[in-house]
Amino acid sequence: YVHRARAEGWRSRAAFKLLELDERFSLFRRDMAVVDLGAAPGGWAQAALKHGVAMVAGIDLLPIEPLAGAQFLQMDVEDPAAAGVLLAALGGRKPDLVLSDMAANTTGHKPTDQIRTGALAQIACDFAVQTLAPGGAFVTKVFQGGLDAQALAALKRAFAHVRHAKPPASRAESSEIYLVAQGFRGALKP
Ligand code: SAM
């Protein structure tokens, strides 16, 4: 995958994971507004734009090389201002697709890493249910045992379909999997 990514001009091998998820779940539609959480170096944004989405607003702690059609913000997703800045980057449009491939920097202590990445997935879930356009979709990396039962139940209420998938491009020895939620029912009434 690393060789193929380089040969085909993808910024990361991670791009293949999203392309494989798209093959299985038909995520991309023309003219979509997409949010990409944890976007560096930009492979997922490239994959989305190659499939005709209208715009991508991406955020990462790391700087990202510019990409036509994408606006990248160097910012912590945990910053309370992050959601507003991302929505502004979409020109006030509600996203149709929220993606999160965020992973916390590893400490080498697996349980700690999984808890930290779980917290990032929860932030991504909250962002998705607060901002998605009706009918929208949400994809996030989680680790096996990932989201807690309560968060998963909330997603099942908010979306028509919630499924887990391990794309072939995800290393077998990695415990990462992806949660794919489609058919957003609209923000829940308080
Ligand atoms: N999907 C990307 C691609 O295809 O190029 C790869 C994403 S990489 C696996 C995970 C990213 O999550 C890293 O670049 C990391 O900096 C970012 N990240 C981790 N914690 C973050 C946070 N709190 N706010 C924003 N980005 C974060």
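See the structure shown above.
This write-up is about the structure you can find in this document. Computed from a prediction, not measured in an experiment: that's the story for all the values here. (Residues numbered from 1 in each chain as written. Predicted model: local features only at pLDDT ≥ 70, side-chain atom pairs only at ≥ 80, totals over all residues. Heavy atoms only, no water.)

**Some thoughts on unusual backbone geometry**
Counted only if it meets this: Think of it this way: any DSSP run of H or I at least four residues long counts as a helix, any run of E at least two long counts as a strand, and we number them from the N terminus.
A cis amide bond links Ala 40 with the next residue in sequence, Pro 41, at an omega value of 0°. Note on placement: Pro 41 falls in the loop between strand S1 (33-37) and helix H3 (43-50). For Ser 26, which is not glycine, the phi torsion reads 50° and is therefore positive. Counting through the fold element by element, Ser 26 comes out in the loop between helix H2 (14-25) and S1.

**Focus on the nonpolar core**
Worth spelling out the cut-off: The set of buried Ala, Val, Leu, Ile, Met, Phe, Trp, Tyr and Cys residues whose side-chain atoms join them within 4.5 Å is what this entry labels a nonpolar core. Exposure is judged per residue with a 1.4 Å probe applied to protein chains only, and the accessible area is read against the type maximum: over 50% gives exposed, under 20% gives buried, and values in between give partly exposed.
Of all hydrophobic cores here, the largest spans 34 residues; its most connected members are Leu 37, Phe 138 and Phe 159. Elements that contribute at least two residues to this core include exactly S1, strand S2 (55-60), helix H4 (82-89), helix H5 (110-131), strand S5 (137-143), helix H6 (149-158), strand S6 (159-165) and strand S7 (176-184). With six residues, the top contributor of residues to this core is H5.

**A closer look at the packing of aromatic side chains**
Going by this rule: Stacked, edge-to-face and tilted labels apply to pairs of Phe, Tyr and Trp rings (six-membered ring for Trp) whose centres lie within 6.5 Å, assigned for plane angles under 30 degrees, over 60, and everything in between, in that order.
By the definition in use, this model includes three aromatic pairs. Between Tyr 1 and Phe 16, the aromatic rings sit 5.4 Å apart at their centres with planes inclined by 50°, giving tilted as the arrangement. Within this pair, whereas Tyr 1 is found in the segment before helix H1 (2-8), its partner Phe 16 is found in helix H2, the two being separated by 15 residues in sequence. You can call Tyr 1 partly exposed: its relative accessible area is 37%. Between Phe 159 and Phe 184, the aromatic rings sit 5.1 Å apart at their centres with planes inclined by 50°, giving tilted as the arrangement. In this pair, Phe 159 is assigned in strand S6 and Phe 184 in strand S7, connecting sequence segments 25 residues apart. Judged by relative accessible area, Phe 184 falls into the buried class, the value being 3%.

**Remarks on the pairing of S2**
The criterion, for reference: Should DSSP find at least two bridges between two strands, the strands are taken to pair. A right-handed crossover is one whose linking path, passing over the helix from the first strand to the second, runs clockwise when the strands point away from the viewer.
In terms of burial, S2 is largely enclosed, as five of its six residues are buried. Relative to S2, S1 runs parallel, the two being bridged by five bridges. From the neighbouring strand, Leu 37 faces S2, where its bridge partner is Ile 59. Of the crossover connections in this fold, the one passing from S1 over H3 to the parallel S2 is right-handed. In the sheet, S2 pairs with strand S3 (residues 70-74) via five bridges, with the strands oriented parallel. Each bridged residue has a counterpart across the sheet, and for Gly 58 the counterpart in S3 is Phe 72.

**Details of H5**
Inclusion rule: Multiply 1.5 Å by the residue count of a helix minus one, and that product is the helix's expected span. The arc in question is the one spanned by the directions pointing from the helix axis to the C-beta atoms.
Taking 1.5 Å of rise per residue, the 22 residues of H5 would be expected to cover 32 Å, and the 31 Å separating its terminal C-alpha atoms lies within 8% of that figure. Turning to H5, its buried residues are Asp 113, Thr 117, Leu 120, Ala 121, Ala 124, Cys 125, Phe 127, Ala 128 and Thr 131. Projected down its long axis, H5 carries its buried residues within an arc of 165°, all on one side. Facing away from the buried side of H5 by over 90 degrees, the exposed positions are Ile 115 and Gln 130.

Remember, this is a structural readout, not a statement about activity or role.
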